[in-house]
Amino acid sequence: MMTSSALPAAPALLILGTGSLPVARRLREILPGAEIFGLRGRVEADDVIPCDSFGDTLRLLFGRDRPVVALCAAGIIIRALAPLLGNKRAEPPVLAVAEDGSTVVPLLGGLRGVNTLARQMAAALGCPAAITTSGELRFTLTLEQLPPGFRAANPQDSKRFMSDLLAGVGVRLNGHSDWGADWLTDSRLTDDPDGPLRLTISPEARDATPDELLIRPQVVAVAVTAASADKARSVLARHGFSEQAVACVLTPVEDAGAAAVLALATALDCPQRVTPGGAGFADLPPDLTRYQTDGVTLLVGATPGAVRALGQPRGSVTVIGTGPGNREWMTPAVKAALTAATDVIGYQFYVDLAGPYRPDQVLHTSDNRVELDRARHAFRLAAEGRQVVVVSSGDGGIFAMAAAVLEALEDSADPVWHAVALRVEPGVTAAQAAAARSGAALGHDFCVISLSDNLKPWPVIVNRLDHAAAADLVMAFYNPISKARPWQLAEAFDTVRRHRAPETPVLLGRDIGRPAERVTITTLGEVCPDQVDMRTVVIIGSSHSRTFPRADGKVWLYAPRWYGEKPVK
Ligand code: SAH
């Protein structure tokens with residue numbers, strides 16, 4: 001999995017009342033892409049995104065990995081996020097700022113630059129930053145989390161190394177002025193030529209010596225084709241470069257999806273970048289040092305910045321399902337894809353459900369309405385190097401965009417489209433969500449049938465219903481009814497009634513996971529198409545499906561694990 005292509009998320013500024021708006025606006029000016037969120041009813045302003053619950057919004061943004069700056073008491077933030085805390089490496093920066101802008105308190109995200117952010121904000125507000133991290137305080141340096149473009153060869157030693165520095169042990173600094181490690185040169189750490197510790201910045205392939213913290217600047221771009229990719233690691237070794245010093249794997253765009261190229265990027269744990277169609281590597285900046293061996297070119301820059309952005313990013317299309325509606329049912333992988341997206345394609349309603357978005361993210365909600373056109377649009381954008389997310393509700397592969405995306409790709413002869421990084425991230429589908437609300441309506445064999453005859457002849461649907469009913473499968477109907485298809489559902493019920501008793505339980509789940517959610521449990525004898533609309537999923541039980549009363553007066557519905565006679569015990 002490559003995460004390095006993800007853009008850093010823009011900070012969110014949360015305010016509880018209008019009083020803190022001027023401070024929030026001042027901070028927004030210095031934080032690129034930052035947005036202000038305010039409690040609905042208490043803060044009304046055109047440049048403020050309204051939210052209903054402070055705690056939920058805080059947790060949502062935190063879950064979406066966005067740096068959060070809340071202008072309120074630290075305690076409010078701590079209590080809101082407490083249930084989510086656990087993994088120190090995964091948390092985004094979280095800061096409390098006094099409402100009047102008189103102090104900035106970094107709370108979480110020490111490994112993700114919260115102290116740097118706190119200092120920057122404090123400077124803008126002309127107030128102190130309540131820094132409590134010792135290394136930061138003494139040296140303005142965090143060795144546990146290095147700036148982008150640098151990675152430690154022996155990260156396991158960084159904590160002990162910092163403790164030694166804090167205890168006053170002297171350190172020799174090597175190589176920092178050669179590879180653009182300004183964060184080190186600008187820190188308060190001073191070179192002690194006689195010190196027993198060594199801090200070295202070097203791309204060379206060797207192990208750290210005892211008492212050394214060895215940091216690799218990612219100054220090497222590895223340019224390969226599909227044919228030469230498997231030679232790259234030995235070429236790096238031959239020229240004495242550490243694999244950790246590689247910033248990116250660069251290929252002609254058509255080769256970006258080749259197995260050997262993917263394997264190389266995974267092995268080197270770095271992003272892929274591409275040069276546009278067939279151009280080769282001739283057009284790349286001349287000031288890079290080149291080593292050419294076995295069809296592999298190593299391009300070495302003076303700083304990580306010199307090679308990080310060569311060519312363009314490899315484009316991606318990720319098809320996601322947001323779940324039926326509420327955010328708790330959105331998977332972390334789907335949230336990560338949304339955070340990394342530069343472009344989001346889908347129906348307005350579903351795109352809105354998956355928000356909020358950063359100002360730099362482009363939403364394509366009205367470009368066209370035809371699924372196949374949307375899918376093609378996704379590939380056209382990805383071919384330009386964009387990170388495109390295609391949004392469906394529920395699961396993206398169930399009566400949703402994934403199939404259209406695959407169809408568009410199969411129909412295309414363009415090698416660039418086939419080289420795009422295509423992924424499908426699963427989601428919770430409507431039938432699962434409705435079944436969960438009822439108890440266990442899908443507890444045994446079931447099938448899922450769309451009653452839409454837009455792209456499928458009605459007789460085919462009736463035939464499937466007939467066979468599924470005869471096979472005694474639990475059935476979930478999607479797209480059960482619409483203005484254009486008013487009579488089909490009645491015929492579907494009649495088809496099932498030929499095989500199943502009138503007492504068979506039927507579940508109608510409407511707007512599951514959304515504020516207007518409604519769950520109705522009735523029977524096949526009584527159910528009537530008027531009770532159903534496009535936002536309903538219909539689940540018809542098998543001959544074994546059962547209901548029994550719940551403590552709250554409603555009923556539980558489940559399909560038992562067994563079939564035939566109930567087993568004893
Ligand atoms: N990809 C979606 C299904 C899209 S088809 C999924 O996996 O859930 C659209 C149909 O799905 C609707 O007509 C309805 O039958 C069902 N559906 C989608 N979301 C729903 C929800 N929140 N509650 C009830 N039914 C829903």
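Residues numbered from 1 in each chain as written. Predicted model: local features only at pLDDT ≥ 70, side-chain atom pairs only at ≥ 80, totals over all residues. Heavy atoms only, no water.

A.B. asks: Please give an account of the site of the ligand that cites residues and values.
C.D. replies: In the region of the ligand, 20 residues are neighbours, and Asp395, Ile398, Thr429, Met534 and Thr536 sit closest. Separating a nitrogen atom of the ligand from a backbone N or O atom of Pro324 is a distance of 3.3 Å. Here Arg535 contributes a backbone N or O atom positioned 3.4 Å from a nitrogen atom of the ligand. Here the ligand, which alone exposes 550 Å², has 94% of that area covered by the protein. In the shell around the ligand, the residues fall into 10 nonpolar, 6 polar and 4 charged. Residues lining the shell around the ligand come from more than one domain, with at least three contributed by each of domain 4 (316–428) and domain 5 (431–558). (Near = heavy atom within 4 Å. Polar contact = N/O pair within 3.5 Å; in protein donor to acceptor, adjacent residues only side chain to side chain. Areas by Shrake-Rupley, 256 points an atom, 1.4 Å probe, with all protein chains shown as cover. Nonpolar A, V, L, I, M, F, W, Y, C, P; charged D, E, K, R; others polar. Domains from an automatic or database assignment.)

A.B. asks: Account for empty space enclosed by the protein, naming residues and giving values.
C.D. replies: All chains considered together, the criterion is met by 2 cavities of 30 Å³ or more. Reported here for the largest cavity is a volume of approximately 50 Å³. Taken together, 13 residues form the lining of the largest cavity, with Val253, Gly315, Ala382, Val416 and Val420 sitting closest to its centre. At the level of elements, β16 (312–313) and α13 (371–383) are the ones that each hand at least two residues to the lining of the largest cavity. Looking at the lining of the largest cavity residue by residue, the classes come out as 9 nonpolar, 3 polar and 1 charged. Of the domains in this structure, domain 3 (220–310) and domain 4 (316–428) are the two that each give at least three residues to the lining of the largest cavity. Reported here for the second largest cavity is a volume of approximately 30 Å³. Together, Arg64, Arg66, Thr339, Pro356, Arg358 and Gln361 line the second largest cavity. Its residues assigned to classes, the lining of the second largest cavity shows 1 nonpolar, 2 polar and 3 charged. (1 Å grid on protein atoms, 1.4 Å probe; cavity = no way out; pocket = protein on both sides within 12 Å on 5 of 7 lines; lining within 4 Å. Points joined across faces, edges and corners; volume = space filled by probe spheres on them. Helix = DSSP H or I, 4+ residues; strand = E, 2+ residues; numbered from the N terminus.)

A.B. asks: Could you give an account of the packing of α13 against helix α14 (residues 401–411), with specific residues and numbers?
C.D. replies: Relative orientation of the contacting elements α13 and α14 amounts to 65°, with a least axis distance of 8 Å. Here α13 runs over α14; the crossing is right-handed. Across from Glu371, Leu372, Arg374, Ala375, Arg376 and Phe379 in α13, the residues of α14 making contact are Met401, Ala404, Val405, Glu407, Ala408 and Leu409. Partitioning the contact of α13 with α14 into residue classes produces 8 nonpolar, no polar and 4 charged. (Axes fitted to C-alpha atoms, helices over the stretch in contact; angles between N-to-C directions. Left-handed = near helix turned anticlockwise from the far one by under 90°. Contact = heavy atoms within 4.5 Å.)

A.B. asks: Account for the pattern of salt bridges, naming residues and giving values.
C.D. replies: Summed over the entire model, instances satisfying the criterion amount to 26 salt bridges. Two residues, Arg40 and Asp52, come together in a salt bridge whose shortest N-O distance is 2.6 Å. Of this pair, Arg40 sits in the loop between β2 (35–39) and β3 (48–51) while Asp52 is found in the loop between β3 and α2 (54–63), placing the two residues 12 residues apart along the sequence. The partly exposed category is assigned to Arg40, whose relative accessible area is 48%. Residue Asp52 is classed as exposed on the basis of its relative accessible area, which comes to 61%. The salt bridge involving Asp511 is made with Arg535; its shortest N-O contact spans 2.8 Å. Residue Asp511 is found in the loop between β25 (505–510) and β26 (518–523), and its partner Arg535 is found in the loop between β26 and β27 (536–540); the two are separated by 24 residues along the sequence. Relative accessible area serves as the criterion here: at 2%, Asp511 is assigned to the buried category. One salt-bridge network, held together by shared partners, links Arg510, Asp511, Arg514, Asp533 and Arg535. (Salt bridge = Lys/Arg side-chain N within 4 Å of Asp/Glu carboxyl O. Buried < 20%, exposed > 50% of the residue type's maximum accessible area, 1.4 Å probe, protein only.)

A.B. asks: Outline unusual backbone geometry, supporting the account with residue identities and numerical values.
C.D. replies: Residue Pro356 follows Gly355 across a cis peptide bond; omega there is 0°. Structurally, Pro356 is set in the loop between α12 (348–353) and β19 (362–364). Positioned with a positive phi, Asp269 is a non-glycine residue whose angle comes to about 55°. Of note, Asp269 is situated in the loop between α9 (259–268) and β13 (272–275). The partly exposed category is assigned to Asp269, whose relative accessible area is 48%.

A.B. asks: Can you lay out α9 for me, pointing to particular residues and giving the numbers?
C.D. replies: Those residues of α9 not exposed but buried are Val261, Leu264, Ala265 and Leu268. Seen end-on, α9 carries its buried residues on one side only, within an arc spanning 95°. Of the exposed residues in α9, the ones pointing more than 90 degrees away from its buried face are Ala259 and Thr266. Against β7 (150–152), β11 (220–223), α8 (232–238), β12 (246–252) and β13 lie the buried residues of α9. (Arc of directions from axis to C-beta.)

A.B. asks: Kindly report on the domain arrangement of the protein chain, identifying the contributing residues and their values.
C.D. replies: Taken domain by domain, the protein chain comprises domain 1 (4–132), domain 2 (150–217), domain 3 (220–310), domain 4 (316–428) and domain 5 (431–558). The distance between the C-alpha centroids of domain 1 and domain 4 comes to 29 Å. Contact with domain 1, which involves 11 residues of that partner, is made by 13 residues of domain 4. At the surface where domain 1 touches domain 4, the tally comes to 4 residue pairs in polar contact (both at pLDDT 80 or more). Among the residues forming the side of domain 1 that touches domain 4, the class breakdown is 6 nonpolar, 2 polar and 3 charged.

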